[in-house]
Amino acid sequence: MTDHDFITGLPKAELHLHIEGSLEPELMFALAQRNKVAIPYASIEEVRAAYSFSRLQDFLDIYYAGANVLQKQEDFRDLAVAYFDRAAADGVVHAEIMFDPQTHTDRGIAFGTVIEGLLAGMADANARYGMTSKLILCFLRHLDEDAAFVTLAAAEPWLDRIDAVGLDSSELGHPPEKFARVFAAARAKGLRLVAHAGEEGPPDYVLQALDLLEIDRLDHGNRSLEDPVLTARLARTGMTLTVCPLSNLKLCVVDDMANHPIDRMIKAGLRATINSDDPAYFGGYIADNYRAAASARGLDRGDLVLLARNSFLGSFLPDDAVAAHLARLDAYVEASR
Ligand code: HPA
Ligand code: ZN
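Numbering of residues starts from 1 in every chain and runs along the sequence as written. All chains are assigned letters beginning at A, and all ligands numbers beginning at 1, according to the order in which they are written. Totals for whole chains, interfaces and linings use every residue, but because this is a predicted model, local features are given only for residues with pLDDT of at least 70 and side-chain atom pairs only at 80 or more, for both listing and counting. The side-chain quantities take in all heavy atoms of the structure and omit both hydrogens and water.

Things to note about the layout of surface pockets
Left-over empty space is what a probe sized like a water molecule reveals as it rolls over the atoms. What counts, and what does not: Computed over the protein atoms alone on a 1 Å grid, cavities are sets of points where a 1.4 Å probe fits but cannot get out and pockets are open sets with protein on both sides within 12 Å along at least five of seven lines; a residue lines them when it has an atom within 4 Å of a point. Grid points are joined across faces, edges and corners, and a volume is the space filled by probe spheres set on the points. Charged residues are taken to be Asp, Glu, Lys and Arg, nonpolar residues to be Ala, Val, Leu, Ile, Met, Phe, Trp, Tyr, Cys and Pro, and polar residues to be all remaining types, Gly included.
Put simply, the largest pocket is a space of about 220 Å³. Along its surface, the largest pocket is lined by 16 residues, and D216, T237, G238, M239 and R271 are the ones closest to its centre. When the residues that make up the lining of the largest pocket are grouped by side-chain class, the tally is six nonpolar, five polar and five charged.

Okay, here's the thing in structure tokens:
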């Protein structure tokens with residue numbers, strides 16, 4: 001079996017995926033027409049050409065503008081269905097997907113429209129592929145904490161179908177401490193907690209996410225490596241990092257894939273995972289991310305299996321489901337020898 005096919009077939013979980021970031025230009029155009037929404041591009045080629053970023057904010061401006069075409073419940077369902085099709089083709093058997101309700105409610109789209117559409121897409125993926133999935137509600141950190149509390153209140157009728165809250169958008173200048181109270185409130189409601197930290201922000205933001213937000217999982221976390229004491233703590237406590245290689249390259253978190261720290265993370269004993277972040281914008285889905293990291297950093301099959309293993313261990317699945325996935329992974333490795 002080629003390495004390409006080995007990676008595609010490797011059973012894996014995706015733990016860091018913004019569903020709005022899976023909006024491919026083709027669907028963006030189709031929804032713009034269907035909903036009669038103007039978009040500032042004349043062609044699909046022009047959309048792709050606009051995806052050149054030198055920092056996180058460049059991307060976010062385009063990502064929020066693209067989300068304007070999402071209007072109706074079926075748009076959110078179609079978006080999710082398209083993602084799950086790509087994920088299934090890449091060997092994803094479980095996905096924990098993030099969504100940004102404020103991106104939609106601030107444009108007058110009801111919270112229920114967004115989440116019911118996504119839940120319909122999740123049910124479809126389960127019926128067609130047997131894929132399981134969970135929802136992570138992300139607060140936009142460039143907005144204030146009161147707005148996050150309003151969003152948490154809007155989510156109340158669906159809390160039994162939301163597993164976690166997260167924190168995304170512009171990191172610099174919006175440290176985790178800004179959201180300590182709303183994260184405590186979410187935890188009190190039984191939700192798990194994740195946060196983007198250490199993508200562009202300093203190691204201190206990772207520390208705040210650990211100590212002030214009490215996160216269960218760390219999104220990105222790359223800059224933790226600048227602090228050996230923090231790195232050792234993350235390794236010792238078994239914190240999962242959801243690393244996104246192609247995103248890191250596109251947003252200039254790394255200057256070249258040849259310098260990506262994925263193997264340093266593994267060697268430091270961190271529970272690193274590989275994920276796609278915003279695949280429609282960053283040039284690849286999860287298997288592309290595994291392949292890009294593997295070829296740039298010389299990861300062998302043992303490393304790839306470890307990364308897939310970590311994706312199940314770092315998921316929010318119950319222990320028996322994790323054990324079943326790990327057994328399936330072991331059987332795959334055995335069969336591919
Ligand atoms: N970082 C922060 N916010 C985001 C990202 C990201 O990579 N993707 C979508 N929202
Ligand atoms: Zn992200």
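A few points about the sheet that holds strand β7 (residues 240–243)
The criterion, for reference: By definition, two strands form a pair when at least two bridges between them are found by DSSP. Here a helix means four or more residues in a row that DSSP labels H or I, a strand means two or more in a row labelled E, and each is numbered from the N terminus. Note on geometry: axes are C-alpha line fits, over the in-contact stretch for helices, and angles between N-to-C directions span 0 to 180 degrees.
Pairing is parallel in the open sheet, where eight strands are placed in the order β1-β2-β3-β4-β5-β6-β7-β8. Across the chains shown, the open sheet's two edge strands, defined by having one partner strand only, are β1 (12–18) and β8 (271–274). Sheet twist, expressed as the mean angle between neighbouring strand axes with direction ignored, is 25 degrees. In terms of strand pairing, β7 meets β8 through four bridges, oriented parallel. Bridge pairing in β8 links T242 to T273.

Thoughts on the side chain of T103
Operational definition: Contacts were defined at the residue level, with two residues in contact if any of their heavy atoms lie within 4.5 Å.
Inspection of the secondary structure assignment puts T103 in helix α6 (residues 101–105). Once residues within four sequence positions are removed from consideration, T103 is found in contact with Y64, A67 and L140.

Describing the coordination of the zinc ion (ligand 2)
In plain terms, the rule: Sites may look incomplete, because water is not among the atoms used; the donor set itself consists of N, O and S atoms within 2.8 Å of the metal (3.2 Å for Na, K and Ca). In this scheme the shape depends on donor count and angles: four donors with every angle between 85 and 135 degrees give tetrahedral, four or six donors with opposite pairs above 155 degrees and others between 65 and 115 give square planar or octahedral in turn, and any other case is irregular. Relative accessibility under 20% of the residue-type maximum defines a buried residue, over 50% an exposed one, and the middle range a partly exposed one, all with a 1.4 Å probe and only protein chains included.
Taken together, H16 (NE2), H18 (NE2), H196 (NE2) and D277 (OD) make up the full set of protein donors to the zinc ion (ligand 2), lying 2.0 to 2.2 Å away. What the four donor atoms of the zinc ion (ligand 2) show is an angle range of 82 to 173 degrees at the metal, which sorts the shape as irregular. Within one chain, the residues donating to the zinc ion (ligand 2) are spaced in sequence as H-x1-H-x177-H-x80-D. One end of the pair, H18, is in strand β1; the other, H196, is in strand β5 (residues 192–197), with 178 residues separating them in the sequence. Across the pair, exposure class does not vary: H18 and H196 are buried alike.

Considerations on the pairing of β7
Heads up, the rule is: Orient the strands so they point away from the viewer, and a crossover whose first-strand-to-second-strand path over the helix runs clockwise is right-handed.
Alternating residues of β7 divide into T240 and T242 and L241 and V243, and every residue in both groups is buried. Summarising the sheet, strand β6 (residues 217–220) and β7 pair through two bridges and their orientation is parallel. Within β7, the position partnered with D219 by the bridge is T242. This β-α-β element, β6 to helix α11 (residues 228–236) to β7, shows right-handed connectivity.

Quick notes on helix α2 (residues 25–35)
The line we're drawing: What the arc describes is the spread of directions from the helix axis to the C-beta atoms.
All of the buried residues along α2 are P25, L27, M28, L31, A32 and N35. All buried residues of α2 lie within an arc of 155 degrees about the axis, which places them on one face of the element. Check the buried side of α2 and you find it contacts α3 (44–49), α4 (56–66), α5 (73–89) and α14 (279–282). After α2 finishes, the residue K36 shows a positive phi value of roughly 55 degrees.

Here's the deal with unusual backbone geometry
Positive phi is not limited to glycine here, since S169 has a value of about 80 degrees. Residue position: S169 is located in the loop between β4 (164–168) and α9 (180–188). The backbone phi angle of C252 is positive, close to 60 degrees, even though this residue is not glycine. Here C252 lies in the loop between α12 (245–250) and α13 (262–267). A residue is classified by how much of its surface remains accessible, and C252, at 44% relative accessible area, is partly exposed.

By themselves, these are just geometric observations and shouldn't be taken as functional.
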